[in-house]
Amino acid sequence: MKRRYKRDLNSNYMILTDEKPTKDTYEVRMITENRISGFLPCVMQKYEDRTEYFYEITGRQSMELLYERRNLNYEQLRGLLQDLLRVLESAEEYLLGPDHFLLNPESIYLHTKSEKLCLCYYPGYQKEIRESFLELSEYLLGKLDKNDAEGIAFGYELYQSALETNFSLLEILHKHAEKEKETALPPREAPPLPQASVQKEVLEKTGSWKDFFHKKTRKPQLEDYITGEEDQIKSGSTLFLKEENPMLETACLQKEKQDGLFLHSLNPEYSDFVIREETFLVGKKKDSVDGCIPAPTISRIHARITYDGAVYYVEDLNSTNGTWADHVQLNPYELCPLRDGMGITFAGAEYEVRL
């Protein structure tokens, strides 16, 4: 399976390619001839040597990107699981097997405004839904807010249920949905769950999230994930970490600093950006980006600047109104190398590159 992205006059697409002609199966007809709730709209094009599936992603962003700078809390995790339940029920209604869903964060899309879940159903893909869901759950646990004891307890309970012999994802999600209805009736009757006890229980039972899945390539420190109190605070171009010995960590970060990239705004209403990080997100949603451009035409997470150790690149992140490099519009996720003096336009916000 090959993946690429394309933008036309009105829409953005994620294109998945089969390196062989695809038969006109029941699954293909269902996803191309219907608009199924929770499914990415799909159009298929056949060629002599391959088949391409065009999934429309206009107005949506991938889960991987949306949570690159954000943490999940209990309410958000519960909402995602409820949306997942809804999509699986839609698949069942159309007699579509769940093993063709791509549940990796790169392929899961959410509406930029409502953050409602949309899944990619790819007939050329086959993976047991249990395995896909466990991998997705591992990713979500890594994104949980370490200070949200309720979210950690909920995620851990979901793990335990998924590992039972008679596993049914639909039953698990139904159970948690019903449980939420029951607990929602009396507002805060039960005392809040102590965070320390939840952390202790998770540590005693799992040791680490990676060990929990029997992956022995490396051993992450779960204690750092659950009980750590690191909080990144950006002040200008310097990154400080709250530690018992902050000077030691700050000195380490200083060694990794590069000369950086300067984006000069040609509009006095918008700020200049000094970029020294390897990854720098641009958009109008303050809690999800590094550089905020408060313009109505800018998407919440609009573009990304990356540094590979030698060259800086800009890429459009499936924005609504597009990104231009020297007046050439970029396709979504197309890497464009930056040069000194180059003009970059994020929708209507113009910048000049200075290296």
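Refer to the structure printed above.
Residues numbered from 1 in each chain as written. Predicted model: local features only at pLDDT ≥ 70, side-chain atom pairs only at ≥ 80, totals over all residues. Heavy atoms only, no water.

(A) Highlighting the nonpolar core. Met14, Phe39, Tyr55, Met63 and Phe101 are the most contacted members of the largest nonpolar core, which totals 56 residues. Sort the elements by how many residues they give to this core and helix α3 (residues 74-93) lands first, with eight residues. One finds Leu263, Tyr307, Ala325 and Ala349 within the second-largest nonpolar core, a separate group that totals 26 residues. (Core = buried A, V, L, I, M, F, W, Y, C linked by side-chain atoms within 4.5 Å. Buried < 20%, exposed > 50% of the residue type's maximum accessible area, 1.4 Å probe, protein only. Helix = DSSP H or I, 4+ residues; strand = E, 2+ residues; numbered from the N terminus.)

(B) Molecular detail of the sheet that holds strand β15 (residues 291-292). The five strands lie next to each other as β15-β14-β16-β17-β20, forming an open sheet whose pairing is mixed. Two strands in the sheet have a free side with no partner beyond their single neighbour: β15 and β20 (336-337). Of the strand pairs in this sheet, strand β14 (residues 279-283) and strand β16 (residues 303-307) are connected by four bridges, and their pairing is antiparallel. Bridge assignment links Phe280 to a residue of β16, and that residue is Ile305. (Pairing = 2+ DSSP bridges.)

(C) The pattern of salt bridges, seen in detail. All chains considered together, the criterion is met by 19 salt bridges. Between Arg78 and Glu75 there is a salt bridge, and its shortest N-O distance comes to 2.3 Å. Placement of the pair is Arg78 and Glu75 together in helix α3, with a separation of three residues, close to one helical turn. Residue Asp83 is joined to Lys116 by a salt bridge in which the shortest nitrogen-to-oxygen separation is 3.6 Å. (Salt bridge = Lys/Arg side-chain N within 4 Å of Asp/Glu carboxyl O.)

(D) Summary view of the environment of Thr306. Assignment of secondary structure puts Thr306 in strand β16. Discounting residues that sit within four places of it in the chain, Thr306 has contacts with Glu278, Thr279, Val311, Tyr312, Tyr313, Glu315 and Leu335. (Contact = heavy atoms within 4.5 Å.)

(E) Layout of empty space enclosed by the protein. What the rule picks out here adds up to three cavities of 30 Å³ or more. As a volume, the largest cavity reaches approximately 60 Å³. Lining the largest cavity are Met63, Leu80, Leu81, Leu84, Ile108, Leu117, Leu119, Leu136 and Leu140. Looking at the lining of the largest cavity, the elements with two or more residues in it are α3 and α4 (129-142). For the lining of the largest cavity, the element with the highest residue contribution is α3, accounting for three residues. Here the lining of the largest cavity is composed, by residue class, of nine nonpolar, no polar and no charged. (1 Å grid on protein atoms, 1.4 Å probe; cavity = no way out; pocket = protein on both sides within 12 Å on 5 of 7 lines; lining within 4 Å. Points joined across faces, edges and corners; volume = space filled by probe spheres on them. Nonpolar A, V, L, I, M, F, W, Y, C, P; charged D, E, K, R; others polar.)

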